[in-house]
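Each chain is listed here by its residues.
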Amino acid sequence: MSLNRKLLILFLLLGAVIIFGLIKGAVNIPLANLLLKDNQVILNLRLLRVIAAILVGSGLAISGIALQAILRNPLAEPYLLGTSSGAGLAAVIAVIIGVSRIYMPLAAFLGAVLSIIIVYNLSREKGMIADKSLILSGVIISVAFSSVIVFLVSLFGNEAMHEMNWWLWGSLQVYDYRLLLLVAFPVILGICVIYFFAQDLNAISMGEEAAMHLGIDAQNIKKILILVTALISASLICICGIIGFVGLIVPHMMRLVVGPNHKVLIPMTCLAASIFMILCDLMSRTLFSPVEIPIGVITAIIGAPVFIILLKKGKRI
Amino acid sequence: MSALLKINNLRGGYHKEDIIKGLSLDVNQRDFLVIIGPNGSGKTTLLRLLTRVLSLKEGEILYKDENILQMNLKRFCRKVAFVSGDISTDFSFTVEELVLMGRIPHLKRLQYETKRDIEIAREKLVLTDTLNLKDKRIDELSAGERQRVIIAQALAQEPELLFLDEPTSHLDIGHQVQILDLLKKLNRGSNLTIVMILHDLNLASAYSNRIVLLDQGMVFKEGTPEEVLTYQNIEKVYKTVVLVNDHPVTGKPNVVLVPGDR
């Protein structure tokens, strides 16, 4: 199948799931009535969710792609640098000390940024970023912060935990469209920066030295992209909490479909991840309506088996 | 002959330890220069310094009288290419994609490969006899095929100077000769200067016009195969007893090992 046809199919699919995302929910609105004034409020809410899904899906998947290439590790994911546990910890602390809900996203963002700074500095040796120490420090900080989260929650009871649940497992419920706009800016900018380096990513995924021999200054680009991906995931955590697996499986599936060339892979993955997230959000809203299942649970339930199949079936990643 | 690459009093290596300790060498245009030396003598480190992967501590490297450290990295990579002994990656690029990457030094960011770039890549695939592999993924190739693809990628950079780090180490004798014949052809026909590390002294003798024997980060001896490959030099540097006679066909020195336990 030609690339153009694949692109067309993804666009059509995206159009279809966007319409589904708008008409399906606790209340089903027939397509013909979608633009009626009575449905305005619901439509706006659902539109925000669809936009959030596109933003979150693309942001997580593209940062996943960038990290996988620069670390030459197909298992890397956007939360590798400890952003998720940093944000979670800050949010728990905010709940416990009674910070107003309005400032929760800010607290999460600061927590994420703090963990990035720690991990980044831990992995720096003589001005160089060593892949292995970056991954290790990310894991260590995640584990350490997570244990503090559990510690705090067990001390301060279930109230905090309940509040935290949607945060730790993610949700695309958008409370404030201004926050969505605020987050969209760094996320879209970040995706553009990563695409700007698409060619460099191809070279870097062959190894840092190989990239040097092709005229690509791998160390500097690595530093830029680590910060960009961290900024994307820290920003996204503010609006959607922690949503796992998206940054891992969507890039993998798209590599199977279009190959590893980042110039093609990045735009195609944006589309695919948007579709995937809108569908997951739809499931989280409608499967056990009116109860909403955290979207991170859905992505994990779909993601884990898909991932295992990919791992077992093809050596090609 | 003018010096294409001039290495003056080069010193450098890893962290605290200097591997290359004050090395000077001229590479002339159209040289087929082979670097030999025991393990740990600094052959690979030297190439990594010359291709700007490692930063040097002292000395200078001049490419056509221009300090290579002051050249824009992409411009440098349009003049000088490097072929490693092998590549490994978890990302399954096809052979064609990989060879096209050789055009990166000629492209701006976000610029797609032009028709000309694709033609050049194709030409190099033909040259290295890998055109029939172009849609295969690199992890599906044999070691010999992979080596030819790596060379095709470097050639796609259209360099004037090609460095190779043991390009034949994973290959059987048939493929060794095939690769070296190809390089010799390019050296003669396309004005390509070649600097190559080889372990096999007889291959070095058969293909090079100059040999550099490294010992402990310094040039022990440099000259024609006849001048360098003497049993005295080899015994001193490799601490191994050998016989050197003339190759019955080429007349070049032929190094024969003498087993210690007979």
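What counts and how
Residues numbered from 1 in each chain as written. Chains lettered and ligands numbered in written order. Predicted model: local features only at pLDDT ≥ 70, side-chain atom pairs only at ≥ 80, totals over all residues. Helix = DSSP H or I, 4+ residues; strand = E, 2+ residues; numbered from the N terminus. Rg over C-alpha atoms; globule rule 2.2 N^0.38 Å. Buried ≥ 20, exposed ≤ 12 C-beta atoms within 10 Å, placed from the backbone. Pairing = 2+ DSSP bridges. Contact = placed C-beta atoms within 7 Å. Axes fitted to C-alpha atoms, helices over the stretch in contact; angles between N-to-C directions. Core = buried A, V, L, I, M, F, W, Y, C linked by C-beta atoms within 7 Å. Left-handed = near helix turned anticlockwise from the far one by under 90°. Nonpolar A, V, L, I, M, F, W, Y, C, P; charged D, E, K, R; others polar. Parallel < 35°, antiparallel > 145°, perpendicular 65-115°, else oblique.

Thoughts on the overall build of chain A
- In terms of regular secondary structure, chain A is built from 13 helices and two strands.
- Taken over the C-alpha trace, chain A has a radius of gyration of 20 Å; the compact-globule value for 317 residues is 20 Å, and the two agree within 12%.
- Taken over 317 residues, chain A has a buried fraction of 49%.

Some points on unusual backbone geometry
Residue and element names in this part refer to chain B.
- Look at Asn9: it is not a glycine, yet its phi comes out positive at around 50°.
- Overall, Asn9 belongs to the exposed group, with 11 C-beta atoms counted inside 10 Å.
- Located in the positive-phi region is Asp129, a residue other than glycine, with phi close to 60°.
- Within the element layout of this structure, Asp129 appears in the loop between helix H4 (115-127) and helix H5 (143-156).
- Taking the C-beta count within 10 Å as the criterion, Asp129 has 13 such neighbours and is therefore assigned partly exposed.

Some words on the sheet that holds strand E4 (residues 56-63) of chain B
Residue and element names in this part refer to chain B.
- Across the sheet, four strands lie side by side as E2-E1-E4-E5; this open sheet has antiparallel pairing. In the strand order of this sheet, the two ends are held by strand E2 (17-28) and strand E5 (66-67), each with one partner.
- Where strand E1 (residues 3-14) and E2 come together, nine bridges link them in antiparallel fashion. Directly across from Lys6, in E2, lies its bridge partner Asp26.
- Packed onto the sheet, helix H1 (residues 43-50) meets E1, E2 and E4 and runs at close to 70° relative to E2.

Things to note about the nonpolar core
Residue and element names in this part refer to chain A.
- Ranked by size, the top nonpolar core spans 170 residues in total, and within it Val56, Ala91 and Leu236 carry the most contacts.
- No other element matches helix H2 (residues 40-70), which puts 15 residues into this core.
- Beyond its immediate chain neighbours, meaning those up to four positions away, Val56 contacts Leu172, Leu236, Cys240, Ile243 and Met277.

Quick notes on the pairing of strand E11 (residues 242-246) of chain B
Residues and elements named next belong to chain B.
- Counted residue by residue, E11 has zero buried out of five residues, so it is predominantly exposed.
- In this structure, E11 lies alongside strand E12 (residues 253-257), joined through five bridges in antiparallel fashion. If you follow Asp246 over to E12, its bridge partner there is Pro253.
- Connecting the antiparallel pair E11 and E12 is a turn made up of six residues, with Gly251 showing a positive phi of about 75°.

Some words on the packing of helix H3 (residues 83-96) of chain A against helix H10 (residues 218-240) of chain A
Residue and element names in this part refer to chain A.
- At their nearest, the axes of H3 and H10 sit 10 Å apart, and the two run at 35° to each other. Pair H3 / H10 crosses with right-handed handedness. Taking contact as the criterion, the partners of Thr83, Ser84 and Ala87 in H3 are, on H10, Ala230, Ser233, Ala234 and Ile237.
- Counted by class, the contact of H3 with H10 contains four nonpolar, three polar and no charged residues.

Topic: the sheet that holds strand E8 (residues 193-197) of chain B
Residues and elements named next belong to chain B.
- Read across the sheet, six strands follow the order E6-E7-E8-E3-E9-E10 without closing on themselves; strand pairing throughout is mixed. Strands with a single pairing partner mark the edges of an open sheet, and in this sheet they are strand E6 (80-83) and strand E10 (218-223). Strand-to-strand twist of the sheet, defined as the mean angle between neighbouring strand axes without regard to direction, takes the value 20°.
- Relative to E8, strand E7 (residues 161-165) runs parallel, the two being bridged by five bridges. When the sheet's bridge partners are listed, Leu164 is paired in E8 with Met196.

Quick look at the pairing of strand E9 (residues 210-215) of chain B
Residues and elements named next belong to chain B.
- Burial runs high along E9: five of the six residues are buried.
- With four bridges joining them, strand E3 (residues 32-36) and E9 adopt parallel strand pairing. The residue of E9 that forms the bridge with Val34 is Ile211.
- Direction of pairing for E9 relative to E10: antiparallel, over a ladder of five bridges. The residue bridging Asp215 from the neighbouring strand is Met218, located in E10.
- Here E9 hands over to E10 after two residues, with Gln216 in that stretch at a positive phi of 50°.

Focus: the packing of helix H4 (residues 104-122) of chain A against H10(A)
Residues and elements named next belong to chain A.
- For the pair H4 and H10, the least separation of the axes is 8 Å and the interaxial angle reads 155°. Here H4 is positioned roughly antiparallel relative to H10, judged by the angle of their axes. Judged by the sense of rotation from one axis to the other, the crossing of H4 with H10 is right-handed. Contacts from Pro105, Ala108, Phe109, Ala112, Val113, Ile116 and Tyr120 in H4 reach Ile226, Ala230, Ser233, Ala234, Ser235, Ile237, Cys238 and Ile239 in H10.
- Of the residues that constitute the contact of H4 with H10, the class distribution is 13 nonpolar, two polar and no charged.

Quick look at the interface of chain A and chain B
- Taken together, the contact between chain A and chain B spans 22 residues of the former and 24 residues of the latter.
- At the level of secondary structure, the elements contributing two or more residues to the side of chain A that touches chain B comprise helix H8 (198-204) and helix H9 (208-213) of chain A.
- Along the lines of polarity and charge, the residues of the side of chain A that touches chain B split into 10 nonpolar, eight polar and four charged.

Quick word on the environment of Ala211(A)
Residue and element names in this part refer to chain A.
- Along the chain, Ala211 falls in helix H9.
- For the pair Ala211 and Leu201, spaced 10 residues apart in sequence, the C-alpha to C-alpha distance is 8.8 Å.
- If near-sequence neighbours (up to four positions away) are discounted, Ala211 is found in contact with Ala203, Ile204, Met206, Ile216 and Ala218.

Focus: H1(B)
All names here are of chain B.
- Within H1, seven of the eight residues are buried, leaving the element largely enclosed by the surrounding structure.
- Where H1 is concerned, the buried positions are Lys43, Thr45, Leu46, Leu47, Arg48, Leu49 and Leu50.
- Note on H1: the residue one or two positions beyond its end, Arg52, has a positive phi of about 70°.

Taken by themselves, the reported measurements are silent on function.
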